[in-house]
Amino acid sequence: MRSGDMLYEGKAKQLFLTEDPTVVRVKYKDSATAFNNQKRATLEGKGEMNNRISTFFFQLLNEKGIANHFIEEISPLEQLVRKVTIIPVEVVVRNIAAGTMAKRLGMAEGTKLKHPIVEFYYKDDELGDPLITEEHISVLDLATNEQVSQLKEQALKVNDILSAFLLEQNIILVDFKLEFGLDGDGNVLLADEISPDTCRFWDKETGERLDKDRFRRDLGQVVEAYHEIWNRLGGK
Ligand code: UDP
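Residues numbered from 1 in each chain as written. Predicted model: local features only at pLDDT ≥ 70, side-chain atom pairs only at ≥ 80, totals over all residues. Heavy atoms only, no water.

The protein is annotated in an unreviewed UniProt entry as Phosphoribosylaminoimidazole-succinocarboxamide synthase from Laceyella putida. Its UniProt record gives the protein a comment under Pathway (unreviewed entry), which states: "Purine metabolism; IMP biosynthesis via de novo pathway; 5-amino-1-(5-phospho-D-ribosyl)imidazole-4-carboxamide from 5-amino-1-(5-phospho-D-ribosyl)imidazole-4-carboxylate: step 1/2." Per UniProt, the protein has the following entry under Catalytic activity (unreviewed entry): "5-amino-1-(5-phospho-D-ribosyl)imidazole-4-carboxylate + L-aspartate + ATP = (2S)-2-[5-amino-1-(5-phospho-beta-D-ribosyl)imidazole-4-carboxamido]succinate + ADP + phosphate + 2 H(+)". (UniProt positions renumbered as here; feature names shortened; annotations may be inferred.)

## Overview of the overall build of the protein
Per the secondary structure count, the protein includes six helices and 14 strands. For the protein, whose C-alpha radius of gyration is 17 Å, the value lies close to the compact-globule estimate of 18 Å for 236 residues. Judged by the C-alpha coordinates and their principal axes, the protein covers about 50 × 40 × 35 Å. Within the protein, the proportion of its 236 residues that are buried is 50%. (Helix = DSSP H or I, 4+ residues; strand = E, 2+ residues; numbered from the N terminus. Rg over C-alpha atoms; globule rule 2.2 N^0.38 Å. Buried < 20%, exposed > 50% of the residue type's maximum accessible area, 1.4 Å probe, protein only.)

## Here we look at helix α1 (residues 46–63)
Helix length check: α1, at 18 residues, gives a terminal C-alpha distance of 26 Å against a target of 26 Å (1.5 Å per residue), a fit within 8%. Counting buried residues in α1 gives 14 out of 18 residues, a clear majority hidden from the surface. The first or second residue beyond α1 is glycine 65, which carries a positive phi of 85 degrees. (Expected span 1.5 Å × (residues − 1).)

## Description of the side chain of arginine 214
By secondary structure assignment, the location of arginine 214 is in helix α5 (residues 213–216). Note on arginine 214: relative accessible area 10%, which makes it buried. Ignoring any residue separated from it by four or fewer positions in sequence, one finds arginine 214 in contact with Glu208, Arg209, Leu219, Gly220, Gln221, Val222 and Ala225. (Contact = heavy atoms within 4.5 Å.)

## Concerning the packing of α1 against helix α6 (residues 222–232)
At a minimum axis distance of 10 Å, the contact between α1 and α6 shows a crossing angle of 25 degrees. Our classification of the angle between α1 and α6 gives roughly parallel. For the pair α1 and α6, the crossing hand works out as left-handed. Touching Lys46, Met49, Asn50, Arg52, Ile53 and Phe56 of α1 are Val223, Tyr226, His227, Ile229 and Trp230, all from α6. (Axes fitted to C-alpha atoms, helices over the stretch in contact; angles between N-to-C directions. Parallel < 35°, antiparallel > 145°, perpendicular 65-115°, else oblique. Left-handed = near helix turned anticlockwise from the far one by under 90°.)

## Topic: unusual backbone geometry
Unlike most non-glycine residues, phenylalanine 35 shows phi in positive territory, near 55 degrees. Residue position: phenylalanine 35 is located in the loop between β4 (31–34) and β5 (39–42). Phenylalanine 35 gets classed as partly exposed once you look at its relative accessible area, which sits at 47%.

## Some remarks on the UniProt feature "domain: SAICAR synthetase/ADE2 N-terminal" (unreviewed entry) in the protein
Within this structure's numbering, the places UniProt gives as "domain: SAICAR synthetase/ADE2 N-terminal" (unreviewed entry) are residues 7–232. Between the C-alpha atoms that bound residues 7–232 the distance is 34 Å, and the span itself is 31% helix and 34% strand.

## Here's the deal with the sheet that holds strand β2 (residues 13–17)
Across a sheet, strands are paired by hydrogen bonds formed along the backbone, either parallel or antiparallel in direction. Read across the sheet, five strands follow the order β1-β2-β3-β7-β6 without closing on themselves; strand pairing throughout is antiparallel. Looking at which strands have only one partner, the edges of the open sheet turn out to be β1 (6–9) and β6 (70–75). For this sheet, the mean inter-axis angle between neighbouring strands, taken without regard to orientation, is 25 degrees. In terms of strand pairing, strand β3 (residues 23–28) meets strand β7 (residues 78–82) through five bridges, oriented antiparallel. Along β7, the bridge assignment pairs arginine 25 with leucine 80. Contacting β3, β6 and β7, α1 runs over the sheet at an angle of about 150 degrees to β6. (Pairing = 2+ DSSP bridges.)

## Regarding the site of the ligand
Taken together, 16 residues lie around the ligand, and Arg94, Thr100, Asp175, Arg200 and Arg216 are the ones closest in. Within the contact set of the ligand, an oxygen atom lies 3.4 Å away from a side-chain nitrogen or oxygen of glutamate 90. Here an oxygen atom of the ligand sits 2.7 Å away from a polar atom, N or O, in the side chain of arginine 94. Contact with the protein chains removes 80% of the 500 Å² of surface that the ligand exposes when unbound. (Near = heavy atom within 4 Å. Polar contact = N/O pair within 3.5 Å; in protein donor to acceptor, adjacent residues only side chain to side chain. Areas by Shrake-Rupley, 256 points an atom, 1.4 Å probe, with all protein chains shown as cover.)

## Digging into the pairing of β2
Judged by how many residues are buried, β2 sits mostly within the fold: four of five residues are covered. By the bridge criterion, three bridges tie β1 to β2 in an arrangement that is antiparallel. By the bridge assignment for β2, glutamate 9 is matched with glutamine 14. Here β1 folds back onto β2 in antiparallel fashion, the turn holding three residues. Looking at chain direction, β2 and β3 are connected through five bridges and run antiparallel. What sits directly across from phenylalanine 16, in β3, is arginine 25. Remark: five residues form the turn of the hairpin made by β2 and β3, two consecutive strands paired antiparallel.

Have a look at this one:
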């Protein structure tokens, strides 16, 4: 494979090789999917918003000392990031019961949790990304115990930083999903994206959904909501 070749195409992004073997170019797409790919649409402008918003959050986290893959934004749709091998575990942090947790545990959506919690999901489309325990991670050899501790610790730190920052913009961070990867030296780096596709953002005053639930639940005005998040982050 050569510089410029596509390395991987996911549901929301494409990855391309660059001249530097330790760096890849990410291109955000306008496609939206939900419910394990059963619901699909093209939402014009979503890719740009997710690139902008994700760039913003990765830079903020960099400033706060959270190691992540982000290098720079190079166009409205593209970033350069460190090449990592993704750990096949989705790390979800929740502050308020919503989505699958509310459903699974019979909780009213919007119930504030006593403290933030971390959940792990096995990143496997065929299995529908099942909820797993640390012991499952161990027996499946998805990550070492030490790495799992790092994932939890980093995820909770990210939660503290983003929750506090977003609250100042009148946004409640309900929950979000992170992915981590290993760089060439085996360091754990926060990777993937942090955007309205991967977080639940609720307006603090009205409770209005400003995230992908607008797509999942057919609430309309999806890209407009992503723009609203971008504007509140300072949208520059
Ligand atoms: N999430 C994600 N990708 C997934 C599953 C969940 O980004 O494959 C995010 C989702 O946007 C939400 C959080 O993780 O912010 C918790 O999602 P939940 O388990 O409630 O599932 P969902 O209702 O999103 O299917």
